Amino acid sequence: MTSAQLATTAADAPALAAWDNPPAVAPRGTVILIAGRGEHPGLYERFGNRIAFDGYRVRVVGDPTAHERTVTSEIDRLLADPDLPAPRVLAGSDAGAAFAAALVATGRVRADGLILVGLPGGETATTGIGEWEWETELGERTACPTHQARLDADVSVRRGALTVPIPRSWIVDGDLRQVAVPVLGLHGTADLLSPLPAARERYAGAPVAEFVTIDGGKHDALNDATHRTAAAVVVLFLERLRTGTGLPAIARWTPWS
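For clarity, every value in this text was computed on a predicted model and none was experimentally measured.

1. Side note on the nonpolar core
Soluble globular proteins tend to bury their nonpolar side chains together.
Then step 1. Among the nonpolar cores identified, the biggest contains 35 residues, and I51, I115, L186, L222, V234 and L238 are the most heavily contacted of them.
Then step 2. Apart from the residues within four sequence positions on either side, L238 is in contact with V31, I51, Y56, V89 and I115.
Then step 3. Counting residues in hydrophobic clusters, the runner-up holds 32 residues, among them L16, L79, L103 and I166.

2. Some points on the environment of L176
Then step 1. Its location among the elements puts L176 in the loop between helix 7 (168-173) and strand 7 (183-188).
Then step 2. Along the sequence, L176 and G205 sit 29 residues apart, while their C-alpha atoms lie 6.6 Å from each other.
Then step 3. With near-sequence residues (within four places) excluded, L176 lies in contact with A101, L114, L116, L119, R202, Y203, A206 and P207.

3. Let's talk about the pairing of strand 6 (residues 113-117)
Then step 1. Judged by how many residues are buried, strand 6 sits mostly within the fold: five of five residues are covered.
Then step 2. Both faces of strand 6 are covered, namely the face carrying G113, I115 and V117 and the face carrying L114 and L116.
Then step 3. Here strand 5 (residues 88-93) runs beside strand 6; their pairing, made up of five bridges, is parallel. Across the sheet, the residue bridging to V89 is G113, located in strand 6.
Then step 4. Since strand 5 and strand 6 lie parallel, the crossover through helix 3 (residues 95-105) that links them has a hand, and here it is right-handed.
Then step 5. By the bridge criterion, four bridges tie strand 6 to strand 7 in an arrangement that is parallel.

4. Digging into the pattern of salt bridges
Then step 1. All told, the structure shown has 13 salt bridges when counted by the stated rule.
Then step 2. Between R59 and D20 there is a salt bridge, and its shortest N-O distance comes to 2.8 Å. You can see R59 sitting in strand 4 (residues 56-61) and its partner D20 sitting in the loop between strand 2 (14-19) and strand 3 (29-34), a full 39 residues away along the chain. D20 shares its class with R59; the two are buried.
Then step 3. A salt bridge links R240 to E210, with the nearest nitrogen and oxygen atoms 2.8 Å apart. Here the residue R240 occupies a position in helix 9 (residues 227-241), and E210 occupies one in strand 8 (residues 209-214), the gap between them amounting to 30 residues.
Then step 4. Taking the relative accessible area as the measure of exposure, E210 reaches 27% and is therefore partly exposed.
Then step 5. If you follow the salt bridges from partner to partner, you end up with E39, E137 and R141 in one network.

5. Focus on unusual backbone geometry
Then step 1. Across the junction of A86 and P87, the peptide omega takes the value 0°, indicating a cis bond.
Then step 2. Within the secondary structure layout, P87 lies in the loop between helix 2 (64-79) and strand 5.
Then step 3. Residues other than glycine seldom take positive phi values, yet D94 does so here, at roughly 60°.
Then step 4. By the secondary structure assignment, D94 is in the loop between strand 5 and helix 3.
Then step 5. Residue D94 is classed as buried on the basis of its relative accessible area of 3%.

6. Section: the packing of helix 1 (residues 45-53) against helix 9
Then step 1. Close contact between helix 1 and helix 9 brings their axes to 10 Å; oriented N to C, the two are set at 40°. Compared by their axis directions, helix 1 and helix 9 come out oblique. The handedness of the crossing between helix 1 and helix 9 comes out as right-handed. Residues R46, F47, R50 and I51 of helix 1 form the contact with helix 9, whose own contacting residues are H227, R228, A231, V234, V235 and L238.
Then step 2. Grouping the constituent residues of the contact of helix 1 with helix 9 by class yields six nonpolar, one polar and three charged.

7. What to know about the packing of aromatic side chains
Then step 1. Within this structure, the stated rule accounts for two aromatic pairs.
Then step 2. Ring centres of F99 and W170 lie 4.7 Å apart, and the angle between their planes is 45°; on these two criteria the pair is classed as tilted. Here F99, found in helix 3, pairs with W170, found in helix 7; they are 71 residues apart in sequence, far enough to count as distant.
Then step 3. Summarising the aromatic geometry, the rings of Y203 and F211 are spaced 4.8 Å apart at their centres and angled 40° between planes, so their arrangement reads as tilted.
Then step 4. The class for F211 is partly exposed, based on a relative accessible area of 22%.

About the thresholds
Residues numbered from 1 in each chain as written. Predicted model: local features only at pLDDT ≥ 70, side-chain atom pairs only at ≥ 80, totals over all residues. Heavy atoms only, no water. Core = buried A, V, L, I, M, F, W, Y, C linked by side-chain atoms within 4.5 Å. Buried < 20%, exposed > 50% of the residue type's maximum accessible area, 1.4 Å probe, protein only. Contact = heavy atoms within 4.5 Å. Helix = DSSP H or I, 4+ residues; strand = E, 2+ residues; numbered from the N terminus. Pairing = 2+ DSSP bridges. Right-handed = clockwise from strand over helix to strand, strands pointing away. Salt bridge = Lys/Arg side-chain N within 4 Å of Asp/Glu carboxyl O. Axes fitted to C-alpha atoms, helices over the stretch in contact; angles between N-to-C directions. Parallel < 35°, antiparallel > 145°, perpendicular 65-115°, else oblique. Left-handed = near helix turned anticlockwise from the far one by under 90°. Nonpolar A, V, L, I, M, F, W, Y, C, P; charged D, E, K, R; others polar. Phe/Tyr/Trp six-rings, centres within 6.5 Å; stacked < 30°, edge-to-face > 60°.

And the structure:
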């Protein structure tokens, strides 16, 4: 099934969203995605459907800045689920990326790979950026008008959450030099929440990492105007990860001369 299955909280915000590979397609792996500040799992419907269509099972959990213990327990449960095939990749967007990096770098959870989208970096990650009008926050989250409209109409989205500091321990613990599994970093070049130079520095010492930038991209690369390109980058990473030998090239852009 490719439609989302949602477990909801009392406030009607989905606590878990799930997308499965089509029945005729054998499962190729699992992506467990941690949502960002102010978000709920249902907001990743486009991403979940697209990745599932290519044979990967996708599970999205909530915002760890609001529900850290619940999110951690759910990740543990999902990683232990025998029905979710390997490779099992932990992913995160915004604060979810910082939390995912900390979990894997400290050995709190074991995953076969790590995908980090809009990984927070720089001083504003732990100090916050002051107050923004909702229209400003909306524009910095995504340039996609469809996703902007969805966020604006969704009463479960916590307005102002994107300006709140991320726990410093997540930044300190999320030392990518301590991550032995392959890492994909996905980052918009126009990300004001996590400026590109500071974010790039966080990947520099990772043993096996690739850093892909989206030209003109905003903070939420998975839900930005170029969300199809971002999903394609993720699928290429997952396909290479399946080889079990690092990240060998599968396709090459070969010059004519």
